[in-house]
Amino acid sequence: MRPIVIHPSYFPPTAYLAAILQNEGNVLLEAEDHFQKQTFRNRMVIGTDKGPLTLSIPIRHQKGVRQKYREVVSEPTSDWNRQHWKGLQTAYRTSAFFEFFETDLAAFFEHSTVNVFEHNLNTLRFLCDAFRIPLQTTLTSSYQKQPYTNNCIDLRDWIDPKIYTAVSPKLPYAQVFDDKINFQPNLSSLDLLVNLGPKQGIAYLKSLAIADLF
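Cut-offs used in this document
- Residues numbered from 1 in each chain as written.
- Predicted model: local features only at pLDDT ≥ 70, side-chain atom pairs only at ≥ 80, totals over all residues.
- Heavy atoms only, no water.
- Phe/Tyr/Trp six-rings, centres within 6.5 Å; stacked < 30°, edge-to-face > 60°.
- Helix = DSSP H or I, 4+ residues; strand = E, 2+ residues; numbered from the N terminus.
- Buried < 20%, exposed > 50% of the residue type's maximum accessible area, 1.4 Å probe, protein only.
- Lys NZ or Arg CZ within 6 Å of the ring centre and 35° of its normal.
- Core = buried A, V, L, I, M, F, W, Y, C linked by side-chain atoms within 4.5 Å.
- Contact = heavy atoms within 4.5 Å.
- 1 Å grid on protein atoms, 1.4 Å probe; cavity = no way out; pocket = protein on both sides within 12 Å on 5 of 7 lines; lining within 4 Å.
- Points joined across faces, edges and corners; volume = space filled by probe spheres on them.
- Nonpolar A, V, L, I, M, F, W, Y, C, P; charged D, E, K, R; others polar.

Trainee: Any chance you could explain the packing of aromatic side chains here in plain terms?
Mentor: Each aromatic ring pair is summarised here by two numbers: the centre-to-centre distance and the angle between the ring planes. Scanning the model with the defined rule gives 17 aromatic pairs in all. Judged by centre distance (6.2 Å) and plane angle (50°), the rings of Tyr16 and Tyr164 are tilted. Here Tyr16, found in helix α1 (residues 14-22), pairs with Tyr164, found in helix α5 (residues 161-167); they are 148 residues apart in sequence, far enough to count as distant. Of the residues examined, Tyr16 reaches a relative accessible area of 2% and is grouped as buried. A network of ring pairs unites the aromatic residues Tyr10, Phe11, Trp80, Trp85, Phe98, Phe101, Phe108, Phe109 and Phe126 as a single cluster. The positively charged end of Arg41 is found above the aromatic ring belonging to Tyr69, 5.6 Å away from the centroid. Lying across the ring of Phe117, Arg70 places its NZ or CZ 5.6 Å from the centre.

Trainee: Mind showing me how you'd approach the nonpolar core here?
Mentor: One broad rule of soluble globular proteins: the nonpolar side chains tend to lie buried together. Within the largest apolar cluster, 55 residues are counted, with the highest numbers of intra-cluster contacts made by Phe11 and Leu205. Counting residues per element, the ones that place at least two in this core are β1 (4-6), α1, β2 (26-29), β3 (43-48), α2 (80-92), α3 (98-106), α4 (116-131) and α6 (189-207). Top contributing element to this core by residue count: α6, with eight residues. Those residues in contact with Phe11, other than ones at most four positions away along the chain, are Met44, Leu105, Phe108, Phe109, Thr123, Phe126, Leu127, Ser188, Ser189 and Leu190.

Trainee: Help me understand the layout of surface pockets, please; the structure alone is not making it clear to me.
Mentor: The probe, sized like a water molecule, is rolled over the atoms to show the empty space still left. For the largest pocket, the calculated volume is near 230 Å³. Every residue lining the largest pocket is counted, 15 residues in all, and those nearest its centre are His7, Asp33, Gln36, Arg41 and Tyr143. Taken together, the residues of the lining of the largest pocket sort by class into two nonpolar, four polar and nine charged.

Trainee: What exactly am I supposed to notice about empty space enclosed by the protein here?
Mentor: The tally for this structure, following the rule as stated, stands at one cavity of 30 Å³ or more. If you add up the space inside the largest cavity, you get close to 80 Å³. Along its surface, the largest cavity is lined by 14 residues, and Thr14, Pro169, Pro185, Asn186 and Tyr204 are the ones closest to its centre. Within the lining of the largest cavity, the residues separate by chemical class into nine nonpolar, four polar and one charged.

In structure tokens:
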């Protein structure tokens, strides 16, 4: 089976996990590209009572330098970690499964300074472990713009929220604010985890027609 190639993203959207699951955990992670703003490299989207909310990690920029993704760190003077954790607690404290993962999740928000690539890789591992999705990751050794047509399934453009939103499945599932607001698609996989839990969540991921997007 050909591996899928993706960018590590910040608590990745649901279709990312569905693609990994349905491809038996065979994943090649793009590790040699340059950092680009306004992508899932440093943002996730959660569901609130007012609709989708984007949580972005502020980046410490180096003037005049185009930074490699693997070298990017968060802005140490920002308290983004506390803001994001507060946002998650407010959005999901009444969900069915948040309390089961609260302690583990809190550990991701203890520090304001993180290596963004490594932080994202750890969030991916956490989610795969929570859903019991096998994960066999390999990192790219060099950047190639179009290297994967024959050997891999190239899903790197999913890192762009506009592209991801256009192609991702919109199959509804139960969410915290169903009684106040319509189903909110294209959210972080965290939303699926805390609302459905591992057992129902994995069934949902299996039901998504991800292969049709390859």
